[in-house]
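# Secondary and tertiary structure notes
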Amino acid sequence: MICLICKRAFVINRGIKDLFEKQRYFICDKCYREHPISLEYNKIPLDDNYYLNVISLLSDNNNSYYLAYLNEYSQVVERYLNRSILLFDKFYLSKRNLNIINTIAKLERCNIFVICFKFIIN
């Protein structure tokens, strides 16, 4: 496989148990150690006792290799699939976006979950 960050070929060792399973890897171990995932959870209150829950995967501002972390992103999305979720690469929280999400929460009558790679407050 080819690492999406360093563009080098890497090999994944498999055993008898997982020899015939289809596995996708987008990042080598070296790049994964240099650019680790750090899940962050932010809970922001909205009107009518609803909350905006923001889950971000990357905190490093220099890391922009989103495609390399698709496996981890899809696992987080799968966990929150039964809720009202919004998916972003970068989520900028501004006053305008907060008002829009507040309106969505009132219409849906539930808390809103945002899953993103990077969470940026303006």
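Further up the page is the structure itself.
Heads up: these notes are all about the structure in this document. (Residues numbered from 1 in each chain as written. Predicted model: local features only at pLDDT ≥ 70, side-chain atom pairs only at ≥ 80, totals over all residues. Heavy atoms only, no water.)

The next thing to look at is helix H3 (residues 95-108). Because each turn of an α-helix spans 3.6 residues, side chains separated by three or four positions in sequence point in the same direction. With 14 residues, H3 should cover 20 Å at 1.5 Å per step; its first-to-last C-alpha distance of 20 Å lies within 8% of that length. Every buried residue of H3 is listed here: Ile-101, Asn-102 and Ala-105. Looking straight down H3, one finds its buried side chains confined to an arc of 110°; they lie on one side. Facing away from the buried side of H3 by over 90 degrees, the exposed positions are Arg-96 and Leu-107. As for H3, its buried residues are in contact with strand E2 (51-56), strand E3 (85-93) and strand E4 (112-121). Two residues or fewer after H3 comes Arg-109, characterised by a positive phi angle close to 60°. (Helix = DSSP H or I, 4+ residues; strand = E, 2+ residues; numbered from the N terminus. Expected span 1.5 Å × (residues − 1). Buried < 20%, exposed > 50% of the residue type's maximum accessible area, 1.4 Å probe, protein only. Arc of directions from axis to C-beta. Contact = heavy atoms within 4.5 Å.)

Here E3 pairs with E4 via 8 bridges, running parallel. Note on E4: the bridge partner recorded for Phe-91 is Phe-119. For the crossover that starts at E3, traverses H3 and ends in the parallel E4, the hand is right-handed. (Pairing = 2+ DSSP bridges. Right-handed = clockwise from strand over helix to strand, strands pointing away.)

Enumeration over the complete set of coordinates arrives at 6 aromatic pairs. Ring centres 5.1 Å apart and planes at 35° place the aromatic pair Phe-88 and Phe-91 in the tilted group. The class of Phe-88 is partly exposed, set by a relative accessible area of 32%. Residue class for Phe-91 comes out buried when judged on its relative accessible area of 3%. (Phe/Tyr/Trp six-rings, centres within 6.5 Å; stacked < 30°, edge-to-face > 60°.)

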